[in-house]
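Overview (structure and organization)
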Amino acid sequence: MKEIRHKVDGDTVSIKVAEVEEDLEDFRTFVRANVKVLAADSEATGLDTYAPGHRTRLWQFGTAHESWVIPVELGGQFAEDTRRTLLGVSELWFQNGSFDLQEADKHLGVPMEKLWPKVRDTKIVSHLVDPRGQEEGGYGHGLESLTRAYIDPAVADEVKGSMTALARQYKTTKAKIWEKVDLFDPTYLLYAGMDPILAARLAKKTLPLVPASSRPLLAFEHEVSEICSYMERTGFLLDREYTERLSAWLLGQEERYKEIAATLGVENVNSTDQVAEAFIQRGVKLEKRTASGKFQVDKAVLKPLIEAGDELAIAITEAKKAGKWRSTWVDTFLATADEHGRCHASINSLRARTARMSITGIPAQTLPSSDWMIRRCFVADPGHDIASVDYKAQELRVLAALSGDHNMIEAFSRDADLHLITARAAFGEHITKDSKERKYAKVVNFGRVYGGGVKTVQEQTGLDKETAQTVVDGFDRAYPGVARLSKQLQKEARRDGFITTPSGRRLPVDADRAYSALNYLVQSTSRDVTCRGLVKLHKAGFTPYLRLPVHDEVVVSLPREKAEWGANRIGELMTEQMGPVLVSTDPVVAGKHWGSEYQVDENGDPDWELREKADAEIKAAGLW
DNA sequence: CAGGTTAGCACC
DNA sequence: AAACGGTGCTAACCTG
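In short, a report on the structure. (Residues numbered from 1 in each chain as written. Chains lettered and ligands numbered in written order. Predicted model: local features only at pLDDT ≥ 70, side-chain atom pairs only at ≥ 80, totals over all residues. Heavy atoms only, no water.)

1. Notes on the overall build of chain A
- When its secondary structure is counted, chain A shows 24 helices and 19 strands.
- Against the compact-globule benchmark of 25 Å for 624 residues, chain A has a radius of gyration of 27 Å, which places it among compact chains.
- Its C-alpha atoms put chain A at 85 × 60 × 60 Å along the principal axes.
- Scored against the burial criterion, the 624 residues of chain A give a buried share of 54%.
- Here the analysis covers contacts within chain A between residues at least 6 apart in sequence; of these, 66% occur between residues at least 24 apart.
- Here chain A has roughly 28,100 Å² of accessible surface; of this, 51% comes from carbon and sulfur atoms. (Helix = DSSP H or I, 4+ residues; strand = E, 2+ residues; numbered from the N terminus. Rg over C-alpha atoms; globule rule 2.2 N^0.38 Å. Buried < 20%, exposed > 50% of the residue type's maximum accessible area, 1.4 Å probe, protein only. Contact = heavy atoms within 4.5 Å. Areas by Shrake-Rupley, 256 points an atom, 1.4 Å probe, with all protein chains shown as cover.)

Printed below as a string of structure tokens:
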């Protein structure tokens, strides 16, 4: 047994390392003495728990003053004692427990289901104390920044620097040091052994700081995190054959368009400098500049050129698109699929300032939605169908409920066309459903929720200032309760520095951007609606079928014979009555692959013509 | 030359 | 008086 002593916040703490199996006798004594509550952590070869070749290297357990480092990589009794400790201790504190529980489940054979009931997560606590990242004026939610804020800045600096220094010493990168470092390297052991000590201290310091209004959210957020961790573990089945064909096809597209761009003088389509230079050479007047003073050559700038048939603009856009789609999505899916052909997303169930989730690995929130190509890579389990259940106009319904605006509530209660109502308030009763005015109104309906005004409406619609003003005024006239709520929230935000959502969550609002308070409230409450839906689905036993949450939507894989029934049942469970507003859902069974649900008509029924067209496109592209 | 920043683009 | 909120990922570019 090896012991490392270190100073933390004026105390001397002791890190003990089990080097040989005989050392475990003392470890067991330590666990018995702290069987009610311990902090725990694990170190692995990387963050990709499900990647082939991934290994867990260490498990660590500790109190505020003492920790033990167990080299589970050596297997045998080390792994066995770790299992017994995880299962035997009554309360386990983690910093981001979702990660460690996947490690325990996949690489130690301890099912997450057995651990979740006793998990407490300092990251969840930290988010409820202050949801802001460091860039936003908060403390952040990583162990290092939390240590700096709540425990001991000197220790935070050591933690920050230690693995970077090791990477240099081992002549490798920060990403690779985790698998390269010697299992008993003293710096590594100090780093690893410190983690549970810090987590234990964080728990003590931060738990009392959770505002009274937010305390009921503690249990709720642990449950949401648990459900998301099961989705991560399940993974989403990849259609490898299709995905490989798609990758090859995209590569072909990229090369074809790159060649055209090259003949027109652009060697590297991804270089904005080169692109701008080439257009200036062609006599195009570039006007807009970026923040750092460069010529802007984004989609909005290229759009009119493409419409005018400019070959270079078309070639650059298409080459960039094909390249990005391949590298960001298609090839990443192929590279990260596990031995069963499943991709595992990483779901941060409590991420944004507004508590919105984020999903990485499979960046589910940013996959192209109007184009079926990318989502089509993911398929239902054998014998299953994909279904997607989304909330109907979730944020607007939530806004109606929160603002109590009579017109908006009334419109939703009779399933009226909200965009048409806004359009008519702006332009008059003669406006029809398929008019361009309704399209402008739609932009404003969403834009107002985001806090946008006349200028942004102009940018998005191309309208002149007066007409844009007319639509915005139409919105404000149609739903006066919205402006009223916004005003009230801004007052609250300026007074307190935060607003409180109906779920009790505190949302800090920057004084110079008080207008964002309305958006924060709507976005956060919408997220809570989706998460309450997830909890209901979990309680009803649907968890094994859940694949991904996407803001206002849940994607599931359901046994084919029960898919219609299941999707409708899920839709019912997710539906929530918010005061006078029914936040209802729209279940759609898509078929064998994800993405096909987008070939539906306005009633949500399959649009066979569109589907046939999509199939023809797939065949024509040689992807079949 | 590893790692941070910027520009651009994908989504709700 | 007016105010576009939130997210992730890549290639290019920049820097210590």
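2. A look at the sheet that holds strand β19 (residues 585-591)
- Here four strands make up an open sheet; going across it, the order is β15-β16-β12-β19 and the pairing antiparallel. One side of each edge strand has no neighbouring strand; the edge strands of this open sheet are β15 (546-549) and β19. For this sheet, the mean inter-axis angle between neighbouring strands, taken without regard to orientation, is 20 degrees.
- With three bridges connecting them, β15 and strand β16 (residues 553-559) associate as antiparallel partners. What sits directly across from L548, in β16, is V555. (Pairing = 2+ DSSP bridges. Axes fitted to C-alpha atoms, helices over the stretch in contact; angles between N-to-C directions.)

3. Here's the deal with the protein's contact with DNA strand B
- Around DNA strand B, a shell composed of 22 residues is seen, among which T290, S292, K299, R356 and Q365 lie nearest.
- Protein-adjacent atoms of DNA strand B, using a 4 Å cutoff, are sugar or phosphate at a proportion of 81%.
- Within the side chain of T290, an N or O atom sits 2.8 Å from a phosphate oxygen of DNA strand B.
- By residue number, the principal contributor to the surface near DNA strand B is helix α14 (residues 311-336), which donates three residues. (Near = heavy atom within 4 Å. Polar contact = N/O pair within 3.5 Å; in protein donor to acceptor, adjacent residues only side chain to side chain.)

4. Details of the pattern of salt bridges
- Inspection of the entire model under this criterion finds 45 salt bridges.
- Close ionic contact of E136 with R353 constitutes a salt bridge, the shortest N to O distance being 3.7 Å. Within this pair, whereas E136 is found in the loop between α5 (122-129) and α6 (143-150), its partner R353 is found in the loop between β10 (346-348) and β11 (358-360), the two being separated by 217 residues in sequence.
- Among the residues examined, E136 registers a relative accessible area of 30% and is labelled partly exposed.
- Linking R342 and D381 is a salt bridge whose minimum nitrogen-to-oxygen distance equals 3.0 Å. (Salt bridge = Lys/Arg side-chain N within 4 Å of Asp/Glu carboxyl O.)

5. Structural notes on the environment of K258
- With respect to the helices and strands, the residue K258 is situated in helix α11 (residues 240-263).
- Under the relative-accessibility criterion, K258 is labelled partly exposed at 33%.
- Linking K258 and N268, residues 10 residues apart in sequence, is a C-alpha distance of 7.9 Å.

6. Description of the protein's contact with DNA strand C
- Not every one of the 32 residues close to DNA strand C is listed here, only the nearest: N268, Y450, Q460, Y515 and N519.
- Near-protein atoms of DNA strand C (within 4 Å) split between backbone and bases, with sugar and phosphate holding 67%.
- At 3.0 Å from a phosphate oxygen of DNA strand C is found a side-chain nitrogen or oxygen belonging to S271.
- Backbone polar atom of G452 to a sugar or linking oxygen of DNA strand C: 3.4 Å apart, as the coordinates give it.
- Among the secondary structure elements, those contributing two or more residues to the surface near DNA strand C are α14, β11, α19 (454-461) and α22 (517-539).
- The element that contributes the greatest number of residues to the surface near DNA strand C is α19, accounting for four residues.
- Considering only residue class, the surface near DNA strand C consists of seven nonpolar, 19 polar and six charged. (Nonpolar A, V, L, I, M, F, W, Y, C, P; charged D, E, K, R; others polar.)

7. Topic: the sheet that holds strand β2 (residues 11-17)
- Taken in spatial order, the seven strands of this open sheet run β1-β2-β5-β4-β3-β6-β7, and their pairing is mixed. Taken across any chain shown, the strands that pair with only one partner, and hence form the sheet edges, are β1 (2-8) and β7 (119-121). Averaged over all adjacent pairs, the angle separating strand axes in this sheet is 25 degrees, with direction ignored.
- Relative to β2, β1 is paired through seven bridges, and the arrangement is antiparallel. Considered in β2, the bridge of R5 is made with S14.

8. Let's talk about the packing of aromatic side chains
- What the rule picks out here adds up to 14 aromatic pairs.
- Both rings, one in F27 and one in F61, keep their centres 5.9 Å apart while their planes meet at 40 degrees; by these two values the pair is tilted. Taken together, the residues span a long stretch of sequence, with F27 in helix α1 (residues 24-33) and F61 in strand β4 (residues 56-62) at a distance of 34 residues. For the pair shown, F27 and F61 are each scored as buried.
- Geometrically, the ring pair formed by Y139 and Y150 is edge-to-face, given 5.2 Å between the ring centres and 65 degrees between the ring planes. Here Y139 is found in the loop between α5 and α6, whereas its partner Y150 is found in helix α6, with 11 residues between them in sequence.
- With relative accessibility at 41%, the residue Y139 sits in the partly exposed group. (Phe/Tyr/Trp six-rings, centres within 6.5 Å; stacked < 30°, edge-to-face > 60°.)

9. Structural notes on the nonpolar core
- Of all hydrophobic cores here, the largest spans 139 residues; its most connected members are F333, I362, F378, L399, M408 and I499.
- No other element matches the 11 residues that helix α9 (residues 186-206) contributes to this core.
- Setting aside chain neighbours within four positions, we find I499 in contact with L489, E492, A493, R505, R506, L507, V509, A517, Y520 and L521.
- Listed in part, the 27 residues of the second largest apolar core include F30, L101, L115 and W116. (Core = buried A, V, L, I, M, F, W, Y, C linked by side-chain atoms within 4.5 Å.)

10. Brief notes about helix α10 (residues 215-234)
- Given a rise of 1.5 Å per residue, 20 residues ought to cover 28 Å, and the 30 Å separating the end C-alpha atoms of α10 matches this to within 8%.
- The buried fraction of α10 amounts to 14 of the 20 residues, a majority that puts the element mostly inside the structure.
- Phi turns positive, to about 75 degrees, at G235, one or two residues after α10. (Expected span 1.5 Å × (residues − 1).)

11. Things to note about the state of the cysteines
- This structure, assessed with the given rule, holds zero disulfides.
- As a non-bridged cysteine, C228 has C531 as the owner of its nearest cysteine sulfur, 6.5 Å distant.
- Note on C228: relative accessible area 1%, which makes it buried. (Disulfide = S-S within 2.5 Å.)

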